[in-house]
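# Structural description and commentary
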Amino acid sequence: MGKVKCECGRVNPNGTILCESCGRALTEKAKQDKLVDMRYEGSARRSQTYNKTLIDKVWNFFSSVKVGIWIIVLLLVAASFGTILPQEFYIPSNVPPETYYEDVYGTFGKLYYLIGFHDLYNSLWFSALVAALGVSLVIASLDRVVPLYRALKNQRVDRHETFMKKQRLFAEREGTLQRAEWQRVKEALEKKKYKVRMENGALLAEKNRFTRWGPYVNHVGLIIFLLGALLRSVPGMYIDELLWIREGETLQVPGTNGEYYVKNNGFTLENYQAGEDPEVFNEAINRVGTVAKNYQTDAVLYKNENNELPGASPKLEEVQRDAIQVNQPMKFGQFAVYQTSFRQDEMKAMHFALTNKETGEEFGEIVVDLFDQQASYDLGGGYKVELLGYYPDFDGFTQEGEPTSKSPLPNNPAFLFNMITPQTPEGEVSFAQIRNTMEPLGETTFKMAFKSLDTRDVSALTIRKDLTLPVLAAGGLIFMIGVIQGSYWNHRRLWVREKNGQVYAAGHTNKNWHGLKRDIEAVLEGTTIPRPEDRQKE
Amino acid sequence: MANLAGVSSTLLEAAFFLYLAATFLFGGSIRQKGLRDGEGLNRWGRLGILVTIIGFAAQLGYFFTRWAAAGHAPVSNLFEFTTFFGMMIVGAFILLFFIYKTAVLGLFALPVALIIIAYASMFPSEISPLIPALQSHWLAIHVTTAAAGQGILAISFIAGMIYLVKNIDQTKSTKKTRWLEAVMFFIVSVVAFILLTTGFTLSGYKSEFEYVNKEDQAASQEFGLPALVGPNEGTLLTEGKMEPLAEMPAFINAKKLNTVIWSLVGGIVLYMLIRLITRRRVAALLQPLVRNVSSDLLDEIGYRSVLIGFPVFALGALIFAMIWAQIAWTRFWGWDPKEVWALITFLFYAAFLHLRLSKGWHGEKSAWLAVVGFGIIMFNLVAVNLVIAGLHSYA
């Protein structure tokens, strides 16, 4: 149905422009062209042949390189808009974006936020553009690769002279060629790694045909990559959690359903020291001030052996120990744990001494753990301190005189103590903060004097599982193979034909015509084959 | 070790002057003889490429001695990266020179590399230790590959510029001549920036300001150029220095804007001087130098360098970048401005390559595209590091 039969006898698919076998022009337009259009070898592309149904129209739209370029250009312009101001995920997390953009960048910032550019890369329209690119990649590739494959597979050695005459590189002369000349050019071509075929007084030399598949291979790679990116939304493929963990703490690793626990054995922040580190760094350290050298969490990973037993308390078995540093995540199973952030010197415990105000005599020291307080601290000898109230983030007193705390985080801890001594068996009340004591219920003999503070660091670890990575890696690898395959070689062909007392020579390459010309010059040396000339010169 | 660092700087200076000498040698080579396709190189041209290669070897010497002195690949700040980028342009030129044997390419590629290396030396050049995020072998792998890709892509800009200088009709003023002059003006402004910064640094000019920053906190800034614009609520601390003419809002970095204004003003002055003295457009001045080169060959070189550079760039600036980002930043892609602009560069050259498939986009249009492409690369190098804040702002 709809096949085109060429004079040479070949039956071509509907829509073929140049006969797959001999190269004769099959359409009126191609017959009239001065130079033949060699893109895709004049093969029958679906998009150039059918345009009736809706499917045809969609297919034709997306198979167009022009449309593809438009999608690429729209994507790159759109992507650039997202870099004018920082994206939502890079602004400080403690301020709402509605106000941040206007506060910092004025009216322009407000507009930027209102248009939705603050979260451009997650917007529906940006995703739609990426999807359009994916569709274009698939359709445009399929539309070309199949007919191109057919055309290159079926090409004949003895191309029709009209085909040769319409090549960009072409020459002819009257006369014939001697057997020795054929032999000579064949050998010269083979020396240059051309595959040479000779039939019926014609020669076809061809080299690096595989490079023609490069673009399609790299498109396959890109499609796999895009599919890999899509895979992230499949449940279970991707986990991204942040865990703030204090020194000494053991916490469940989020995202592992209670199977794993991690302990922070200590966080280290090191800076470069002028003098200690290699001398060459001194100048830079002195100019900049502090340069960080290392952020490290010494972690212990545990597995909860009782995780499968409902209701059982965790039974932790050590799995591994690792120093987690930037660039050196700890890995276990499908997870990786990264050093992401830290907070230094969070308050852990406070030391107070029960002190006689007048004499300054101390009757023992108590340590109040800010995360685990006792109801009372016995100092022996009749001395005892009761904890009446704990205000981790002290914020002042209410009108009734009640102390208040604005959060459960120990940012500004304050305590209400009842001090019991042999002199004051009823107890005296002292309100104690860092470097400050008050007597809210009248003057006292004793006070809780602040002595010292224990601090510790908090480390932020990112817990990541990403099962899409192998797919993305495969896509990237295939893309690279394809792009190298298509870029670093050229598909070169040389045709020589003797027919009815004429000698024809023509050459074609998909790119790098200078290279082909140099090849031709070298292989025709010492023969009477006419030197093909470039007819597309300036 | 300090001694090694000294050797390293000397080698970089040597490379700079060798490139300068090679530029003149290439200039001499095209004066002598036409360079139509197939004609061999003359003695000047051979000498030019020889000196270029010696210069390249000297710069490689700089690179590896500095590596030894620092203990890490010297591509960790703007000075080091930009210098390396200049070296990659020279390397890419040498590569394409041996494919096409065109001396005129050197006459334009080497000055561009020279300007870039001089621009690099405007940044602090001492050897600095690596912050934790950079302590990885991927620093050397990712950055050098990306810079190599950009260097090769830059050759398409050089070829495109030569193509435009040669083919745009300079007998009358058109949109094309104006755009080409805009590119020339930009290059002149960079030269003005280098001259001004060097001048004021040598004279020891410094003025310090105290101001209120974006986060509403007190901060200080030191200006190396007289402050035409000053920081938000700034007060000049250094006595006897120029008071700013205008004050900037907090979200604008006044120091950087001041530098840009100075460069533009300097560029205008320098450019007008050239125009007034010679009474010709800058491109018209260059035109006689390129008369003999084949446009077809230039188009081919431009296309070829994109073909060679594109895969290298994709590998270095996207694939290696993603691998390292996964290790250091926990995710392979995070829409950081530098990442986005690497993607934009990639997409732009992808569009370039697809446009080559249609007939109309060879020759002049393709040359303009190569110029735009290089503009994007330079934007990513300069503006994204200095203007747009992001994870890559190491300077």
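Note on numbering: residues in each chain are counted from 1, in written sequence order. Starting at A for chains and at 1 for ligands, labels are handed out in the order in which the entities are written. Since the coordinates come from a predicted model, pLDDT governs what is reported: local features require at least 70, and pairs of side-chain atoms require 80 or more to be given and counted, while whole-chain, interface and lining totals use all residues. Side-chain figures throughout are based on the complete set of non-hydrogen atoms in the structure, without hydrogens or water.

## Structural notes on the overall build of chain B
In this description a helix means any DSSP run of H or I spanning at least four residues, a strand means any run of E spanning at least two, and both kinds are numbered starting from the N terminus. The secondary structure content of chain B amounts to 11 helices and 5 strands. Its C-alpha atoms give chain B a radius of gyration of 22 Å, near enough to 21 Å, the size a compact globule of 395 residues would have. Overall size of chain B, expressed as C-alpha extent along the three principal axes, is 65 × 50 × 45 Å. Exposure categories follow from relative accessible area, calculated using a 1.4 Å probe and restricted to protein chains: below 20% of the type maximum is buried, above 50% is exposed, and the middle band is partly exposed. Taken over 395 residues, chain B has a buried fraction of 59%. Both definitions apply: the radius of gyration is a C-alpha atom measure, and the globule rule equals 2.2 Å times residues to the power 0.38.

## Focus on the interface of chain B and chain A
Chain B puts 66 residues into the contact, and the matching count from chain A is 61 residues. What counts as buried area is the accessible surface, traced by a 1.4 Å probe, that two parts surrender upon association, with contributions from both included. Both faces considered, chain B and chain A share a buried interface measuring about 5200 Å² in area, 64% of it formed by carbon and sulfur atoms. If you sort the residues of chain B by the area they bury against chain A, B:Pro129, B:Pro132 and B:Trp335 come out on top, with a joint share of 13%. Salt bridges are defined by distance alone: a side-chain nitrogen of Lys or Arg within 4 Å of a carboxyl oxygen of Asp or Glu. Taken together, chain B and chain A are joined by 1 salt bridge. For the salt bridge of B:Glu126 with A:Arg287, the shortest nitrogen-to-oxygen distance reads 2.7 Å. Going through the elements one at a time, helix H1 (2–32), helix H2 (43–70), helix H3 (78–100), helix H9 (295–328) and helix H10 (337–355) of chain B are the ones with two or more residues in the side of chain B that touches chain A. For the side of chain B that touches chain A, the element with the most residues is H9(B), which contributes 19 residues. Contacts are assigned to residue pairs that have any heavy atoms within 4.5 Å of one another.

## Brief notes about helix H5 (residues 97–115) of chain A
Residues and elements named next belong to chain A. Given a helix with a known number of residues, its expected span is that number minus one, times 1.5 Å. For H5, with 19 residues, the first-to-last C-alpha span of 13 Å runs short of the 27 Å given by 1.5 Å per residue. Across the chain, bend at a residue is computed as the angle between axes fitted to the seven residues ending at that point and the seven starting from it. Helix geometry: H5 is bent most strongly at Tyr105, by close to 150°. Within the span of H5, buried status applies to Pro97, Tyr100, Tyr101, Val104, Tyr105, Gly109 and Tyr112. In this structure, the buried side of H5 is in contact with helix H4 (65–81). Count one or two residues on from H5 and you reach Gly116, which has phi positive near 100°.

## Digging into the pairing of strand E1 (residues 207–212) of chain B
Where E1(B) and strand E2 (residues 218–223) of chain B come together, 6 bridges link them in antiparallel fashion. Across the sheet, residue B:Glu208 finds its bridge partner in E2(B), namely B:Glu222. Criterion used throughout: strands pair if DSSP finds at least two bridges between them.

## Comments concerning a negative patch on the surface
A contiguous patch of negative charge on the surface is contributed by B:Glu215, B:Asp216, B:Glu233 and B:Glu247. Locating B:Glu247 in the fold gives a position in strand E5 (residues 246–247). A patch is a set of surface residues, each over 30% in relative accessible area and not in a salt bridge, joined within 9 Å for like charges and within 5 Å for the nonpolar side chains Val, Leu, Ile, Met, Phe, Trp and Tyr. Values of accessible area rely on a 1.4 Å probe in the Shrake-Rupley scheme; residue burial ignores everything except the protein chains shown. Two residue types count as positive, namely Lys and Arg, and two as negative, namely Asp and Glu; His and chain ends fall outside the count. Charge positions are represented by NZ for Lys, CZ for Arg, CG for Asp and CD for Glu.

## Points about the environment of A:Asp103
Mapped onto the fold, A:Asp103 is located in helix H5. For the pair A:Asp103 and A:Phe61, spaced 42 residues apart in sequence, the C-alpha to C-alpha distance is 45 Å.

## Regarding the sheet that holds strand E3 (residues 169–174) of chain A
Residues and elements named next belong to chain A. The sheet built from 6 strands is open, its strands ordered E4-E5-E22-E23-E3-E24 with antiparallel pairing. Edge positions in the open sheet fall to strand E4 (195–199) and strand E24 (533–534), since each of these has one partner strand only. Bridge count between strand E5 (residues 202–207) and strand E22 (residues 492–499): 6 bridges; the pairing is antiparallel. By the bridge assignment for E22, Leu203 is matched with Val496. Inter-axis angles, ranging from 0 to 180 degrees, are taken between N-to-C directions of lines fitted to C-alpha atoms, where helices are fitted over the stretch in contact. Here helix H12 (residues 513–524) sits on the sheet in contact with E3, E5, E22, strand E23 (502–509) and E24, set at roughly 145° to E23.

## A few points about helix H7 (residues 254–278) of chain B
Residue and element names in this part refer to chain B. Here H7 is 25 residues long and its end C-alpha atoms lie 36 Å apart, about the 36 Å a rise of 1.5 Å per residue gives. Buried residues of H7: Ala254, Asn258, Trp262, Ser263, Gly266, Gly267 and Tyr271, and no others. Along its buried surface, H7 packs onto helix H6 (175–203), E2, strand E3 (229–230) and helix H8 (282–290). Looking at the residues trailing H7, positive phi occurs at Arg279, about 60°.

## Some remarks on the packing of helix H4 (residues 103–120) of chain B against H8(B)
All names here are of chain B. Two numbers describe how H4 lies on H8: the axes approach to 10 Å, and their chain directions differ by 150°. It follows from the interaxial angle that H4 and H8 lie roughly antiparallel. Residues Val104, Leu107 and Phe108 of H4 form the contact with H8, whose own contacting residues are Leu286, Leu289 and Val290. A class-by-class count of the residues in the contact of H4 with H8 yields 6 nonpolar, no polar and no charged. Should an angle lie under 35 degrees it is considered roughly parallel, over 145 roughly antiparallel, and from 65 to 115 roughly perpendicular; all remaining angles are considered oblique. Side-chain classes are defined by residue name, with Ala, Val, Leu, Ile, Met, Phe, Trp, Tyr, Cys and Pro counting as nonpolar, Asp, Glu, Lys and Arg as charged, and the others, Gly among them, as polar.

## Structural notes on the pattern of salt bridges
All names here are of chain A. Throughout the structure, instances matching the rule amount to 37 salt bridges over all chains. Among the ionic pairs, Arg246 bridges to Glu249, the shortest N-O distance being 3.2 Å. For the pair shown, Arg246 and Glu249 are each scored as buried. Glu386 is the partner of Lys384 in a salt bridge, and the nearest nitrogen-oxygen pair spans 3.9 Å. Assessed through its relative accessible area of 29%, Lys384 is described here as partly exposed. Given the relative accessible area of 23%, Glu386 is considered partly exposed.

## Regarding the domain arrangement of chain A
Domain boundaries shown here were taken from an automatic or database domain assignment. Segmenting chain A into domains produces domain 1 (1–39), domain 2 (45–152), domain 3 (157–208 + 492–534), domain 4 (238–345 + 460–477) and domain 5 (348–455). Using only C-alpha atoms to locate each centre, domain 2 of chain A and domain 3 of chain A end up separated by 46 Å.

## Here's the deal with the domain arrangement of chain B
Residue and element names in this part refer to chain B. For chain B, the assigned domains are domain 1 (2–170 + 310–386) and domain 2 (182–279). With 8 residues of domain 1 at the interface, the matching set in domain 2 holds 10 residues. For the pairing of domain 1 and domain 2, the buried interface totals around 830 Å² over both sides, and the portion due to carbon and sulfur atoms is 91%. Where domain 1 meets domain 2, there are 0 salt bridges. Listed by contribution, the elements that provide at least two residues to the side of domain 1 that touches domain 2 are H4, helix H5 (137–167) and helix H11 (363–386). Of all the elements, H4 adds the most residues to the side of domain 1 that touches domain 2, at 3 residues. Of the residues in the side of domain 1 that touches domain 2, the class split is 8 nonpolar, no polar and no charged.

## Some words on the packing of aromatic side chains
Residue and element names in this part refer to chain B. What counts as a ring pair is set by centres within 6.5 Å for rings of Phe, Tyr and Trp (its six-membered ring), and what kind of pair is set by the plane angle: stacked under 30 degrees, edge-to-face over 60, tilted for all other angles. As enumerated under the stated definition, the model contains 57 aromatic pairs over all chains in all. Ring centres of Tyr349 and Phe352 lie 6.3 Å apart, and the angle between their planes is 55°; this geometry places the pair in the tilted category. With Tyr349 and Phe352 both in helix H10 and 3 residues apart, this pair spans about one turn of that helix. There is no split in this pair, since Tyr349 and Phe352 are both buried.

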